[in-house]
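Below, each chain spelled out in residue letters.
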Amino acid sequence: MNAAENTPIPLLEVRGIEKSFPGVRALSGVSFDARAGEAHALIGENGAGKSTLIKIMSGVYRPDKGSILVEGRETRLATPDDARRAGIATIYQELLLFPELSVAENIFLGHAPKAGFGRIDLRAMRERAEALLASLDIDDLPTDATVGALSVGNRQRVEILRALSYDARILIMDEPTAALTEADVTRLFDIVRRLKARGVAIIYISHRLDETFAIADRVTVLRDGAYVGTRLTSETNSSELVQMMVGRRIDNLFPKTEATIGGPVLEARDLVRRPLTKSVSLTVRAGEIVGLAGLVGSGRSELAQTLFGVSPAESGEIRLMGEAVTIRSPAEARAHGIAYVPEDRSVQGLVRPMSVLHNLSLAALSSLTRLGFIDRAAELRLAEHAAEQFGVKMRSLDEIAGRLSGGNQQKIVVSKWLANKPRLLILDEPTRGIDVGAKAEIHRLMDELAHAGAAILMISSELPEVLGMSDRVLVMREGRLVAEFDRAAATSQAVGAAMMGDASALERAA
Amino acid sequence: MSAIALFRAPAGRATLWRRFFTQETLLAGAIIGLAVVVGLINPRFLAANNLADILLGNAYVAVAAIGMSMVIITGNIDISVGALIGVLATVSGSLAVAGAPIVVTWLAPLVLGVAVMGLQGVIVAYVGVPAIVVTLGMLSILKGGLISVTGGKWITDLPVAFHLADIEIFGFIPMPVAIMVGATAVAAVWMRWWPRGRAIYAIGGNAEAARLSGVSPRRTLVLVFALHGFFAGIAALLFATQLRVIQSTTPSGLEFTIITAAVVGGVSILGGVGTVVGATLAAVLIAEITSALVFINVSPFWTHAVQGTLILATVIADIERRRRRLAGAAR
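Computed from a prediction, not measured in an experiment: that's the story for all the values here. (Residues numbered from 1 in each chain as written. Chains lettered and ligands numbered in written order. Predicted model: local features only at pLDDT ≥ 70, side-chain atom pairs only at ≥ 80, totals over all residues.)

## Some points on the confidence of the model for chain B
Residues and elements named next belong to chain B.
Piece 1. On average, residues of chain B score 87 in pLDDT, and 91% of them are at 70 or above.
Piece 2. Taken element by element, chain B is modelled with least confidence in helix 1 (residues 3–8), mean pLDDT 34, and with most confidence in helix 6 (residues 102–127), mean pLDDT 96.
Piece 3. Low pLDDT, under 50, characterises residues 1–14; the predicted model gives this stretch 19 contacts beyond four residues in sequence or across chains.
Piece 4. Scoring of the predicted complex yields 0.67 for pTM and 0.73 for ipTM. (pLDDT = per-residue confidence, 0-100. Helix = DSSP H or I, 4+ residues; strand = E, 2+ residues; numbered from the N terminus. Contact = placed C-beta atoms within 7 Å.)

Laid out in structure tokens, this is it:
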């Protein structure tokens, strides 16, 4: 029997929530509830309103309309402190811990056990921290360890312990597995199961459907700020959920079509840039999409940055359209018609205080310049086209880019480069962290660009994406290219084995 | 797709209102409002020659604030500019007294200003020393060097032709005002419609993103410092030629007034935001306030307190704006 079905009154319930920000309606009439002992997943595309909803449930935002009920009683959550007192704890993606302090100090910061004269009772604090750890059967986390030295997974466990130290009965987690390793995910799920058994309600935001099925009892889908529906995970499947999320069927996840492959656009020979690019040679042809697979740390992003002049090559040769070139800076790479969409788009891609318009045109300014000054009309055309192509949601092109939602910011960074009509496009994790709909948009655009004759080098950690989009797959390991597969020969076993360096598996696959 | 059309229609009014309600219109309103209020208290404040004095005597602050705005928009700061203006004025005046051709006396501060500021730009951009440290060092060097060399004595007997500030264009536009308006307009247009001008905002907002977009943050930074030196050179000329004598010391607190003008003009101390039009208007407002204090019988010693209050209020408002913007963005 499922504990969730026995509880008549939900621990936390919101009804008819509406919330608008200037010019954007973030939530319209959303209802949601979480019962004791259940994990309730909240899913939806970027900008669907998930973050706004959890911020309302954590007292960060106040709703324009609607009510919040904690254990059946209407409650006002005006501040995060109100939410904490109501037994609601939220764990955000960016963990809010103090790296210089110990595990125990972090857990009890703000409500440490006191001895005489207000002095912190270190022993009692350590004992209570240890009791907390024991209650979750955690035996591999010393309470006196400095938090800054812990792995992301362990830091997250400290945050959860911190929430429990306040006797939180409702735990909200915003994409908790985004930065975790597989082993950490297993441990997190273990904790979640224990908390469920204790009667804690867990609200779980995720982009990953497989996780939703693994851990959640129910799942609620939001789309464009509206409530779409709630399902028992035992009675639904991923295609139904995807359809609810995007409101349409994605018939072909990877819309790759055959493009005419022309002459070589990029030929690199024996590129060296210590420490992670060790004598790399590769060719990318016009109309061709080359996937670059490899584990994190194998040197893929470093190779991309060497090609783009961020960290120029120490030796080796680069030819573009058959002509030998030297690329010592991104400006030179750009002048040669190379574009690069970096991996960390929040840090590397967007100038947050600038307008959407100026961000979109930033990489294309030289082509928009006539007689030395920027052609306003051409700039506007370019930006309108780029924003339209990607469906960037904004009030106007003059809106400050930093004000848009994360998903929209990413769209701006990607479209800014495509606006430049590059001959060689280097994409580093082009679809990481974006929703299913935008993902398909980006794949469709890559296909279009290839048809228009662009050469594309795509780095991706998602194997299905590499296999689905590439004409050829190159595999990188420890700074070298170790394998190459044609589209037909690129199977997940073969590419995966090459990534891992598993020689026997390689032979089997061959 | 309809995303743009959808979100543009209801935004029209708000955007129009916001376009009008900028830091610049606010400052223009404050300049006029203050004149009216002080004029009611003491009508002599509004006399033509007083208003002219306010503009003529402070045009050099506005000109220096142009370069300062650019430097602050890149996310840097310069506290050596006041001392530099003192040095450049002294060099220019000494050359004039020594009988150098007038053209040389006018060009020397410009060239020297570009050289000194350009050097500081190189140290900031290529060596990676924080601008506040570099310019603090330069401030000491210039200040100490000047007083050691000149002993602080006054430069007098300047040739009549030297007095650039006395020239009137078309016989009625005083040179300081013409330069202030002209330099502001040229800088504003350049920063908005020239790629390198746009780059100033980009590197101040996110240097890494700018670099990956093909903008060189280092070269842009050196250029900005060099331009700042050029404007400081012009400011020094206006400063040197407005009176019949030059006191060969560094004007105390001048850098503070110039930074105040930039910040009150809407240049964000955090970088990436601001206009030179705002900075020039703020320089005029500050000059007006200083003069107004005299006309309503408040001790001029309050000037600095008023400037300090203005700068604090502006920065607090700026940070508050960013905070709200951030809250609105997290969706």
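## What about the pairing of strand 7 (residues 170–174) of chain A?
Look at any regular strand and the pattern is simple: side chains alternate between the two faces of the sheet.
All names here are of chain A.
Piece 1. Burial analysis of strand 7 places five of its five residues in the buried class, which makes it a mostly covered element.
Piece 2. Side-chain alternation along strand 7 places Ile170, Ile172 and Asp174 on one buried face and Leu171 and Met173 on a second face that is also buried.
Piece 3. Relative to strand 7, strand 6 (residues 88–91) is paired through four bridges, and the arrangement is parallel. Within strand 7, the position partnered with Ile91 by the bridge is Met173.
Piece 4. As for the winding sense of the linkage, the β-α-β connection from strand 7 through helix 7 (residues 182–197) to strand 8 (residues 201–205) is right-handed. (Buried ≥ 20, exposed ≤ 12 C-beta atoms within 10 Å, placed from the backbone. Pairing = 2+ DSSP bridges. Right-handed = clockwise from strand over helix to strand, strands pointing away.)

## Quick notes on unusual backbone geometry
Piece 1. In this structure, A:Pro275 follows A:Arg274 across a cis peptide bond, with omega equal to 5°.
Piece 2. Following the sequence through the fold, A:Pro275 ends up in the loop between strand 11 (264–273) and strand 12 (277–285).
Piece 3. In this model, A:Glu175 sits at a positive phi of 45°, which is unusual for a non-glycine residue.
Piece 4. Structurally, A:Glu175 can be placed in the loop between strand 7 and helix 7.
Piece 5. A tally of 19 C-beta atoms within 10 Å means that A:Glu175 is categorised as partly exposed.
Piece 6. Of note in the backbone geometry, B:Asp157 takes a positive phi value of approximately 55° without being a glycine.
Piece 7. Within the element layout of this structure, B:Asp157 appears in the loop between strand 1 (154–155) and strand 2 (168–169).
Piece 8. In this structure B:Asp157 comes out as exposed when scored by C-beta crowding, with 9 C-beta atoms within 10 Å.

## Observations concerning the packing of helix 4 (residues 48–73) of chain B against helix 11 (residues 217–241) of chain B
Two numbers describe a pair of packed helices, the interaxial angle and the distance between the axes.
Residues and elements named next belong to chain B.
Piece 1. The geometry of helix 4 relative to helix 11 is characterised by a closest axis approach of 8 Å and an angle of 175° between their N-to-C directions. In this view, helix 4 runs roughly antiparallel relative to helix 11, as classed from their interaxial angle. Each of Ala59, Tyr60, Val63, Ala64, Ile66, Gly67, Met68, Met70 and Val71 in helix 4 lies in contact with helix 11, whose residues at this interface are Val224, Phe225, Leu227, His228, Phe231, Ala232, Ile234, Ala235, Leu238 and Phe239.
Piece 2. Residues belonging to the contact of helix 4 with helix 11 are distributed by class as follows: 17 nonpolar, two polar and no charged. (Axes fitted to C-alpha atoms, helices over the stretch in contact; angles between N-to-C directions. Parallel < 35°, antiparallel > 145°, perpendicular 65-115°, else oblique. Nonpolar A, V, L, I, M, F, W, Y, C, P; charged D, E, K, R; others polar.)

## Concerning the nonpolar core
Piece 1. The biggest cluster of nonpolar side chains holds 176 residues, and the ones touching the most others in it are A:Ile456, B:Val63 and B:Ala64.
Piece 2. The element that contributes the greatest number of residues to this core is helix 11 of chain B, accounting for 17 residues.
Piece 3. Apart from the residues within four sequence positions on either side, B:Ala64 is in contact with B:Val81, B:Ile85, B:Phe231, B:Ala232, B:Ala235 and B:Ile258.
Piece 4. Listed in part, the 64 residues of the second largest apolar core include A:Ala34, A:Ile170, A:Ile215 and A:Met244. (Core = buried A, V, L, I, M, F, W, Y, C linked by C-beta atoms within 7 Å.)

## Some thoughts on helix 4 of chain B
Residue and element names in this part refer to chain B.
Piece 1. Here helix 4 contains 26 residues, and its C-alpha end-to-end distance of 35 Å stays within 8% of the 38 Å for a straight helix at 1.5 Å per residue.
Piece 2. Helix geometry: helix 4 is bent most strongly at Asn58, by close to 50°.
Piece 3. One or two residues past the end of helix 4 sits Gly75, with phi positive at roughly 95°. (Expected span 1.5 Å × (residues − 1). Bend = angle between axes of the 7 residues up to and from the residue.)

## A short note on the packing of helix 9 (residues 195–205) of chain B against helix 11 of chain B
Residue and element names in this part refer to chain B.
Piece 1. Contact geometry of helix 9 with helix 11 gives a least axis separation of 10 Å together with a crossing angle of 110°. The orientation of helix 9 relative to helix 11 falls into the category roughly perpendicular. Side by side, helix 9 and helix 11 meet where Arg196, Ala199, Ile200 and Ile203 of the first sit next to Pro217, Thr220, Leu221, Leu223 and Val224 of the second.
Piece 2. In the contact of helix 9 with helix 11, the residues fall into seven nonpolar, one polar and one charged.

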